[in-house]
Protein chains: 2
Amino acid sequence: MYFDKLKLHYPTPMKTTRRDWVRAAGVAGAVSVVPAKAGTPKAEPSAAALLEVFAKRQSVRKYKSDPVPDEHVRMILDAARRAPTCMNEQPWKFLVVRKKETIERMRKQTVEMITKVVDGRLAHQLNVSQKDLDNRNEAIARTEGYFTAPVYVVVLVDKECQCGVEYMKQDGTLAAGYLMLAARALGYGTVYLTDGVPEQVSREVLNIPPRYQRICMTPIGVPDPWPPMKAKKKLEELIAYEQIT
Amino acid sequence: MYFDKLKLHYPTPMKTTRRDWVRAAGVAGAVSVVPAKAGTPKAEPSAAALLEVFAKRQSVRKYKSDPVPDEHVRMILDAARRAPTCMNEQPWKFLVVRKKETIERMRKQTVEMITKVVDGRLAHQLNVSQKDLDNRNEAIARTEGYFTAPVYVVVLVDKECQCGVEYMKQDGTLAAGYLMLAARALGYGTVYLTDGVPEQVSREVLNIPPRYQRICMTPIGVPDPWPPMKAKKKLEELIAYEQIT
């Protein structure tokens, strides 16, 4: 585990309080540390455990029917709204959907649209292989899976905000990302849905006013099951120091 | 504190292990809980502490010169790269800048550009008040403050990725948001800089190839000091249930 490698090296130790030791231990876990001196950052006591949650977040495409208490939804959105936001405008609207008949209407319309698109593509192919058919069915099954959760959040932004469209979209995206991480901390899965559930479907079924632009929508639920973690690029591939060579 | 209100209500308690209790206690802190049954979400032990970190993240515009160990930068970027990403493409490049002369060149060029813009605006005003001049000086001082940190990360995305420009921008924004939260967990401040440091400046000074698009850049450092928390909208204003009324 990456955190095992962490060593905190602080310059000359100064007046040390018990709090300094606790604080340092909080970052480094069981790793030996020297105490923080004045001016060094005050890491959160659970920083190492916290950072592990980032690595555990993943896209979940099928859910159990177990309920998600409203208090959890609110805790998740309370985290989402702490995202960076241009000029502190917070142009967000989180539309929470729980009603079974509404979810069912979104599912039905989405499956119809996805099926139409996929079948339309196949109709223009000269040869349709078994693999093509398997892929078709898989796409439909995946779409069905999106609608197995007990609760959905549509992340919207207010087009009347002052910062302009680019900032507005960034604000919305940042809040959606925070939402997903907070949900993971509480043990729930999410998935960042854009084209997977056409905007038109959510706008019509949920009667979303034109003033609001959808950034994405996501189920929140207990995964059925947690999927295997996807292979990721190594950190080395993504970092450059001083310049890109 | 919001978390104090948390009560976890699970249906019929089933076979309970010590782990279930620890897990439940982890979410609820000191709040009384009933143990989790099979199928309920497995919250991270540090969930409550983690969710508090979201509320502590804020934009920081002046930094102490205290160094940020490279291990911390790597932990922060290791969290950033776990952001949701279209088709698992991970089109990110995190350009880390520490060299003092490079930072100084960015500072100088940015201050010159900002000064030129602000003074240009003032030159077209009929009356320039003391308040206008104060605002001018404040804008320049804020820009100077951006360059007081020991390390910078420019968050870039690869334009050659397959998912298209909209997804690419979302991927970049999501990673930048995760970066800032992870930095906060370790006790560091950040600020999501876009127009505050013109893209042209970072591109020229850092010699960024045209293949990469900048999403934002951020200092990472110990705040000097942590600014007061900005007033935020109430959660109620941001949530809608079932439909927007």
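Now for a description of the structure that goes with this document. (Residues numbered from 1 in each chain as written. Chains lettered and ligands numbered in written order. Predicted model: local features only at pLDDT ≥ 70, side-chain atom pairs only at ≥ 80, totals over all residues.)

## A few points about the overall build of chain A
The helix and strand inventory of chain A stands at eight helices and four strands. Every one of the 245 residues in chain A was classed for burial, and the buried ones make up 43%. Of the contacts formed within chain A by residues at least 6 apart in sequence, a portion of 77% connects residues at least 24 apart. (Helix = DSSP H or I, 4+ residues; strand = E, 2+ residues; numbered from the N terminus. Buried ≥ 20, exposed ≤ 12 C-beta atoms within 10 Å, placed from the backbone. Contact = placed C-beta atoms within 7 Å.)

## With respect to the packing of helix α3 (residues 70-80) of chain A against helix α6 (residues 165-185) of chain A
All names here are of chain A. Two elements in contact, α3 and α6, have axes separated by 7 Å at closest approach and are oriented at 140°. One finds that α3 runs oblique with respect to α6. Judged by the sense of rotation from one axis to the other, the crossing of α3 with α6 is right-handed. Seen from α3, the contacting residues are Met75, Ile76, Leu77, Ala79 and Ala80; seen from α6, they are Ala175, Tyr178, Leu179, Ala182 and Ala183. Of the residues belonging to the contact of α3 with α6, the class tally is ten nonpolar, no polar and no charged. (Axes fitted to C-alpha atoms, helices over the stretch in contact; angles between N-to-C directions. Parallel < 35°, antiparallel > 145°, perpendicular 65-115°, else oblique. Left-handed = near helix turned anticlockwise from the far one by under 90°. Nonpolar A, V, L, I, M, F, W, Y, C, P; charged D, E, K, R; others polar.)

## Regarding unusual backbone geometry
The omega torsion across A:Asp224 and A:Pro225 is -10°, close enough to zero to call that bond cis. Turning to its location among the elements, A:Pro225 is positioned in the loop between β3 (212-220) and α8 (235-238). Positive phi outside glycine occurs at A:Met87, with the angle close to 55°. Considering the arrangement of structural elements, one finds A:Met87 in the loop between α3 and β1 (92-97). Even without being glycine, B:Asn207 reaches a positive phi, approximately 55°.

## Overview of helix α4 (residues 100-123) of chain B
Residues and elements named next belong to chain B. For α4, spanning 24 residues, the distance from its first C-alpha to its last is 34 Å, which sits close to the expected 34 Å at 1.5 Å a residue. What α4 keeps buried is the set Ile103, Met106, Thr110 and Ile114. Lining the buried residues of α4 we find β1 (92-97), α5 (130-146), β2 (151-158) and α7 (199-206). (Expected span 1.5 Å × (residues − 1).)

## Brief notes about the pairing of β2(B)
Residue and element names in this part refer to chain B. Buried residues dominate β2, accounting for seven of its eight residues. Where β1 lies against β2, six bridges are found, and the strand directions are antiparallel. By the bridge assignment, leucine 95 is partnered in β2 with valine 154. Sheet topology places β2 next to strand β3 (residues 212-220); eight bridges connect them, and they run antiparallel. Across the sheet, the residue bridging to valine 151 is isoleucine 220, located in β3. (Pairing = 2+ DSSP bridges.)

## Quick word on the relation of the copies chain A and chain B
With an RMSD of 0.1 Å, the operation that places chain A on chain B is a rotation of 180° combined with a shift of 0.0 Å along the axis. Both copies of the chain, as the preceding transformation shows, are related through a two-fold rotation axis. A shared binding surface is used by both copies, with 99% of the interface residues of chain A retained as interface residues in chain B. (Least-squares fit on C-alpha atoms with pLDDT ≥ 70 in both.)

## Description of the sheet that holds β1(A)
Strand pairing within a sheet occurs via backbone hydrogen bonds; the two strands may be parallel or antiparallel. Strand order in this open sheet of four strands is β3(A)-β2(A)-β1(A)-β4(B), and the pairing throughout is mixed. The strands lining the two open edges of the sheet, one partner per strand, are β3 of chain A together with β4 (239-241) of chain B. Ignoring strand direction, the axes of neighbouring strands in this sheet form an average angle of 25°. Where β1(A) lies against β4(B), three bridges are found, and the strand directions are parallel. For A:Leu95, the partnering residue across the bridge sits in β4(B) and is B:Ala240.

## As for the interface of chain A and chain B
Listed as interface residues are 74 residues of chain A and, on the opposing side, 73 residues of chain B. Listing elements by their share of the side of chain A that touches chain B, those giving two or more residues are α2 (47-56), α3, β1, α6, α8 and β4 (239-241) of chain A. Among the elements that line the side of chain A that touches chain B, the one with the most residues is α6(A), at eight residues.

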